[in-house]
Amino acid sequence: MDERERVDCHPEGKATRDRCEARGCCWSPPAAQGPPSCFYPTNHGYELDGEVAKTATGYRARLRRLKSPPTPYSDDVDTLEVLVEMQEEHRIHVKILDPSSARYEVPEAALRVPRPGEAVDNPLYDVTFTHRPFSIKVTRRSTGATIFDTSVGKLTFSDQFLSVSTRLASPNLYGLGEHVHRRYRHDLNWKTWPIFSRGASPKGNFDNLYGHHPFYMCLEDSDGNANGVFLLNSNAMEVTLQPPVTSVKSQIRDDILDMERVAMPTVTYRVIGGVLDFYMFLGPSPENVVQQYTEMIGRSIMPAYWGLGFQLSRWNYTNIDKLRTVVQRTRDTGIPFDIQYGDIDYMEDTKDFTYDADLYQGLPDLVQNLHDYGQKYIIILDPAIGNTNRRDGSPYLPYESGLQADVFVKNADGVTDLVGEVWPGTTVFPDFTKPGTVQWWGDHCESFHNVIPYDGLWIDMNEPKTFKNGSLTGCGDDQWNYPPYVPAIKGKLMYERTLCMDTLQYWGRHYDVHSLYGHSMAIATRAAMTRVFPDKRGIIITRANFVGTGQYSGHWLGDNKSAWEDMEWSITGMLEFGLFGIPYIGADICGFLLDTTEQLCQRWMQLGAFYPYSRNHNHNDFIDQDPAVFSQAMIDSSRDVMMTRYTLLPYLYTLFYHAHVAGATVVRPLLHEFPTDSNTWDVDRQFLWGNGLLISPVLTPDTTTVDAYFPDTRWYDYFSGHEVEGQYRGQTVTLDAPLDKINVHVRGGVVLPTQQPANTTVYSRKNPMGLLVAMDDSSAASGTLFWDDGEAVDSVERRDYVLVNFNASSTELLCEVVNVPLGGPIAGHWAELRYGTVSVYGLALGAGTPTVRAGRMNGPLQTIATSRVQYDRANQVIHLTDLQAMDLPITESLRFSWT
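All figures in this text were calculated on a predicted structure; none of them were measured in a lab.

**Regarding the overall build of the protein**
Link 1 in the chain: Per the secondary structure count, the protein includes 13 helices and 52 strands.
Link 2 in the chain: Against the compact-globule benchmark of 29 Å for 899 residues, the protein has a radius of gyration of 28 Å, which places it among compact chains.
Link 3 in the chain: The dimensions of the protein, computed from C-alpha atoms along their principal axes, are 85 × 85 × 55 Å.
Link 4 in the chain: Relative to its full complement of 899 residues, the protein shows a buried share of 63%.
Link 5 in the chain: Carbon and sulfur atoms make up 47% of the accessible area of the protein, which totals about 30,600 Å².

**A short note on the pattern of salt bridges**
Link 1 in the chain: This structure, assessed with the given rule, holds 60 salt bridges.
Link 2 in the chain: One salt bridge connects Glu-21 with Arg-17, and the closest N-O pair in it is separated by 3.2 Å. Taken together, the positions of Glu-21 and Arg-17, both in helix H1 (residues 17-22) and four residues apart, correspond to about one turn of that helix.
Link 3 in the chain: With a relative accessible area of 42%, Arg-17 lands in the partly exposed category.
Link 4 in the chain: Its salt-bridge partner being Asp-636, residue Arg-639 comes within 2.7 Å of it at the nearest N-O pair. With Arg-639 and Asp-636 both in helix H11 (residues 632-662), this residue pair falls three residues apart, about one helical turn.
Link 5 in the chain: Residue classification places Arg-639 among the partly exposed residues on the basis of a relative accessible area of 22%.
Link 6 in the chain: Salt bridges sharing common partners tie together Arg-314, Lys-322, Arg-329, Asp-624 and Asp-626.

**Regarding the pairing of strand S47 (residues 835-841)**
Side-chain direction in a regular strand flips from residue to residue, so the side chains alternate between the two faces of the sheet.
Link 1 in the chain: Extensive coverage of S47 is indicated by the burial of six of its seven residues.
Link 2 in the chain: Where strand S43 (residues 769-774) meets S47, six bridges bridge the pair, whose relative direction is parallel. Paired with Leu-772 across the bridge in S47 is Ser-839.
Link 3 in the chain: Bridge count for S47 against strand S51 (residues 877-880) is four bridges, and the pairing is antiparallel. The residue bridging Val-838 from the neighbouring strand is Leu-880, located in S51.

**Considerations on the sheet that holds strand S8 (residues 125-130)**
In a beta sheet, neighbouring strands are held together by backbone hydrogen bonds and run either parallel or antiparallel to one another.
Link 1 in the chain: Taken in spatial order, the three strands of this open sheet run S8-S9-S10, and their pairing is antiparallel. Of all the strands in the sheet, just S8 and strand S10 (146-149) have a single pairing partner and so form its edges. Sheet twist, expressed as the average angle between the axes of neighbouring strands with direction ignored, equals 15°.
Link 2 in the chain: The pairing of S8 with strand S9 (residues 135-140) spans six bridges and is classified as antiparallel. Opposite Tyr-125, over in S9, you have Arg-140 as the bridge partner.

**Concerning the nonpolar core**
Nonpolar side chains in soluble globular proteins tend to be buried together.
Link 1 in the chain: Of all hydrophobic cores here, the largest spans 217 residues; its most connected members are Phe-230, Phe-610 and Trp-689.
Link 2 in the chain: Of the residues forming this core, the biggest block, 14 residues, is contributed by H11.
Link 3 in the chain: In contact with Phe-230, other than residues within four places in its own chain, are Leu-111, Pro-214, Phe-215, Asp-277, Phe-278, Tyr-279, Phe-281, Tyr-293, Met-296, Ile-297 and Val-547.

**So, the sheet that holds strand S34 (residues 615-616)**
Link 1 in the chain: The nine strands lie next to each other as S32-S31-S29-S26-S22-S21-S20-S34-S33, forming an open sheet whose pairing is parallel. Both edges of this open sheet fall to strand S32 (585-586) and strand S33 (588-589), since each of them pairs with a single strand only.
Link 2 in the chain: In the sheet, strand S26 (residues 456-459) pairs with strand S29 (residues 539-542) via four bridges, with the strands oriented parallel. Within the sheet, the bridge partner assigned to Gly-456 lies in S29 and is Ile-539.
Link 3 in the chain: Relative to strand S22 (residues 376-381), helix H4 (residues 363-372) is tilted by about 135°, and along the sheet it contacts strand S21 (339-342) and S22.

**Re the packing of aromatic side chains**
Link 1 in the chain: Considering all chains together, one arrives at 42 aromatic pairs under this definition.
Link 2 in the chain: Considering the side-chain rings of Tyr-73 and Phe-161, the 4.4 Å spacing of their centres and the 40° angle between planes classify their relative orientation as tilted. Of this pair, Tyr-73 sits in the loop between strand S5 (58-65) and strand S6 (79-85) while Phe-161 sits in strand S12 (residues 161-167), and the two are 88 residues apart along the sequence. Comparing Tyr-73 with Phe-161, the two get one shared label, buried.

**A few points about the environment of Pro-114**
Link 1 in the chain: For Pro-114, the location among the structural elements is in the loop between strand S7 (91-97) and S8.
Link 2 in the chain: Classification of Pro-114 by relative accessible area gives partly exposed; the value is 24%.
Link 3 in the chain: For the pair formed by Pro-114 and Gln-87, sequence separation is 27 residues and the distance between their alpha carbons is 8.3 Å.
Link 4 in the chain: Aside from chain neighbours lying at most four places away, what touches Pro-114 is Gln-87, Arg-91 and Met-296.

**Comments concerning helix H3 (residues 320-333)**
Link 1 in the chain: Here H3 contains 14 residues, and its C-alpha end-to-end distance of 20 Å stays within 8% of the 20 Å for a straight helix at 1.5 Å per residue.
Link 2 in the chain: All of the buried residues along H3 are Ile-320, Leu-323, Val-326, Val-327, Thr-330, Arg-331 and Thr-333. Down the axis of H3, the buried set is contained in an arc of 165°. They therefore lie on one face.
Link 3 in the chain: Where H3 is buried, its residues touch strand S20 (311-312), S21, H4 and H11.
Link 4 in the chain: Two to three positions downstream of the cap, the backbone nitrogen of Asp-321 sits 3.0 Å from a side-chain oxygen, assigning the N-cap of H3 to Asn-319.

**Concerning the state of the cysteines**
Link 1 in the chain: If you walk through the whole model with that rule in mind, you get four disulfides.
Link 2 in the chain: Each sulfur of the disulfide joining Cys-475 and Cys-500 lies 2.0 Å from the other. In this structure the cystine formed by Cys-475 and Cys-500 twists about its S-S bond by roughly -85°; its chirality is therefore left-handed. A residue pair is termed long-range when its members are at least 10 positions apart, and Cys-475 in the loop between S26 and strand S27 (504-505) and Cys-500 in the loop between S26 and S27 qualify at 25 residues.
Link 3 in the chain: Looking at Cys-475, the relative accessible area reads 18%, which means it is buried.
Link 4 in the chain: Indicated for the protein is the disulfide connectivity 1-3, 2-4, 5-6, 7-8, based on numbering the bonded cysteines in sequence order.

**Quick notes on the packing of helix H6 (residues 435-449) against helix H8 (residues 517-532)**
Link 1 in the chain: Where H6 contacts H8, the axes come no closer than 8 Å and their chain directions differ by 45°. One element, H6, and the other, H8, form an angle in the oblique class. Every pair of crossing elements has a handedness; the one defined by H6 and H8 is right-handed. Along its contact with H6, which presents Val-438, Gln-439, Trp-441, Gly-442, Asp-443, Cys-445, Glu-446 and His-449, the element H8 presents Met-521, Ala-524, Thr-525, Ala-527, Ala-528, Arg-531 and Val-532.

**Let's talk about the environment of Pro-453**
Link 1 in the chain: One can find Pro-453 in the loop between H6 and S26.
Link 2 in the chain: On a C-alpha basis, the gap between Pro-453 and Gly-790 in space is 19 Å, while along the polypeptide they are 337 residues apart.
Link 3 in the chain: Ignoring sequence-local partners within four residues, the contact set of Pro-453 consists of Val-367 and His-371.

**Quick word on helix H2 (residues 286-297)**
Link 1 in the chain: Its 12 residues give H2 an end-to-end C-alpha distance of 17 Å, which sits within 8% of 16 Å, the value for a rise of 1.5 Å per residue.
Link 2 in the chain: The buried count for H2 comes to nine of 12 residues, which makes it a mostly enclosed element.
Link 3 in the chain: Turning to H2, its buried residues are Pro-286, Glu-287, Val-289, Val-290, Gln-292, Tyr-293, Thr-294, Met-296 and Ile-297.

**Quick notes on the side chain of His-212**
Link 1 in the chain: As for its placement among the helices and strands, His-212 is situated in strand S15 (residues 211-219).
Link 2 in the chain: Reaching out from His-212, the side chain makes a polar contact with the side chain of Ser-515 at a distance of 3.0 Å.

**Brief notes about the side chain of Thr-166**
Link 1 in the chain: On the secondary structure map, Thr-166 appears in strand S12.
Link 2 in the chain: Thr-166 gets classed as buried once you look at its relative accessible area, which sits at 1%.
Link 3 in the chain: Side-chain polar atoms of Thr-166 contact the backbone nitrogen of Asp-149, separated by 2.8 Å.
Link 4 in the chain: In this structure Thr-166 touches Phe-148, Asp-149, Thr-150, Val-152, Tyr-216, Pro-265, Thr-266, Val-267 and Tyr-269, once residues within four positions along its chain are discounted.

What counts and what doesn't
Residues numbered from 1 in each chain as written. Predicted model: local features only at pLDDT ≥ 70, side-chain atom pairs only at ≥ 80, totals over all residues. Heavy atoms only, no water. Helix = DSSP H or I, 4+ residues; strand = E, 2+ residues; numbered from the N terminus. Rg over C-alpha atoms; globule rule 2.2 N^0.38 Å. Buried < 20%, exposed > 50% of the residue type's maximum accessible area, 1.4 Å probe, protein only. Areas by Shrake-Rupley, 256 points an atom, 1.4 Å probe, with all protein chains shown as cover. Salt bridge = Lys/Arg side-chain N within 4 Å of Asp/Glu carboxyl O. Pairing = 2+ DSSP bridges. Axes fitted to C-alpha atoms, helices over the stretch in contact; angles between N-to-C directions. Core = buried A, V, L, I, M, F, W, Y, C linked by side-chain atoms within 4.5 Å. Contact = heavy atoms within 4.5 Å. Phe/Tyr/Trp six-rings, centres within 6.5 Å; stacked < 30°, edge-to-face > 60°. Expected span 1.5 Å × (residues − 1). Arc of directions from axis to C-beta. Polar contact = N/O pair within 3.5 Å; in protein donor to acceptor, adjacent residues only side chain to side chain. Disulfide = S-S within 2.5 Å. Parallel < 35°, antiparallel > 145°, perpendicular 65-115°, else oblique. Left-handed = near helix turned anticlockwise from the far one by under 90°.

Function-wise, these values are silent; they only describe arrangement.
See the structure below:
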């Protein structure tokens, strides 16, 4: 056995020969650092008990444990069942369970997964089995690439320790979360990543953070194929990544046996409960993989249009006068600004559903003032509910009503409520998995909206995080609080800064449902928002999250710090949550912890203008960092880049539509668009919006250039239309990046819908629309515009929207309306929307002044006055301006032509 194929038989560390051999494992110190000295023997695991049976859905097999020493962590299960469901051409389900005993599984109320049906006839995969020791192998039928192969490590299945290892097709692994790591493509050199929701600041590598996402994507080879593997399990786990081992791949091609050497890394899962429940997705493209994954776990919610605006927050504005000052000075800068937040300091004694009538006297009036200016107000709510009276001695109604409705998490006795400590002091914790709790939470969200007319909800501390380990009285000495094996979670204590694992919830023991807590709170909060705003989507942003949370909420990357490395890491975080189906994602601009600097904040405002969720937020103990407190140069830079964002919001909103209906990514790594270009596989200092916009930020101090990679296609500077010179295609180019500039490039072949910006989305949505057309090598381009009222909860389902397809050639641009609301043209302000500008990049025209015409697609075309036509012959850019008077509505199919 190659040392790099060893699977650790003593993963808790401190292995010795005696301890190792007592387990019946092999001991041999490796020649190089990394591989374990104690590893499983080849005769460990299970074997087939009888033949693999063909079923209507796929295969079924029975396994019996080989006669090997027992697992040291808990009682081994002697008989297992393997179910294989060939669910779709691109999806296969492999489940390993104990047929004699029901074990915890993620409930349908948390995540509704597909029901088994008839096995598909022509899947993209093949499945094979090995008898002894048992293993299962899934390969791509067309290439033979390995999708899942458990022969590398032997299956372990005991009461509180399950382990399986599988080979990868290549070292190009992305995903698994939530953690901090600087690079998007994983380092496979014996890295172990714990997965278990925890409310910890993202300060270092290998710490488990807020989200629970056992999903990865593997880019298989230079053929551009990709696959995804998802383990449906909510228990604490760890995933160890091992480096490639060279092996042989053989495939029959045209009756010739083709043998080649391939590098096959290994992924090892160690899980402390539940079952081994894998879903695999065959793509074949990276975008296909995400679309197939989100089809199964649930597509992301469509955010309200105003939720794409710039947002401002800090913990502790001190009082309402300071808050008014911040709002006004930001307005005075002219920086677009849509949303103001209230952190826990707006509350009375940090209790949910209250506000401090002394320090924040007049808060309802301030919220009305925000609304008058077309702005919104979002409040924070934490799950922990104080169990003491109000400041004036009156009962705290959320606690009293919660007691009556019996909504709080129970101690292990199933009778008493667990009591911990969070911001309000002693607290209890709602069990959001309980139907009655959802009703109780909605009642208070609804009644508090009558006091503070908030527009969205920010749910925090919902891992759940506490200030005491477990509870005020500690936790019981049992197998749940102290399991026989603890994954490599931060602190190595299951209940560190959270609830005791033996507490009870409606969905199960907290040991099993801990990582579902934030997810269940997001579900309950979405239900509450539906009651508060029956016809509107609103905005929800959550810290803790699970598989499928994107159906209910967005996520921010948590308590980062004001540091260049944290700004850099935020790109990897955004890309990963794109994989996880939570595209409404961003980091705290300028950092949450520590004092920022003006230069860092200026560069971060530039990057943050291209976060889907764009919020500047910081900590109570550090200096103000709203952009208005800095120099005029910094203010001007922030205003300019936010104006660019607001100009592009129709494109960003359209990307969210495609994410909502088809599972497409919004923020996208270059490898998704150029998977056969190996140079893109580790690009994570640049990113795309959709397929058309490339952002290359400066991420290091005192730097006025940036290295940007341009895949081999046409690219244009967004601001000037200047084309990147042909010899730089497929190359890394050093670009000028003065302090007031972020480099943004448009990909040839796309049409981007735009809009004249304003200081809030309420007003920008009334302004003329625009189109930016960027020609590809064939002098063609295409794109889409989705436009609805910006907040109706079911506009997509009711088809109450405009959808326009754009197609351009060397001589014309067609704007074909493929959907308008039922009943005809749209009523309201959007019926008045007209195209005001059109720009075409990369358009080679002959000598003389271009003649441009425009009009309805099936009607006569009007010649556009030469005063409205500008042609930059040097850059091959044509600009059409002031088109509003030509009556070119977005609700009708149009044609532009040029000669």
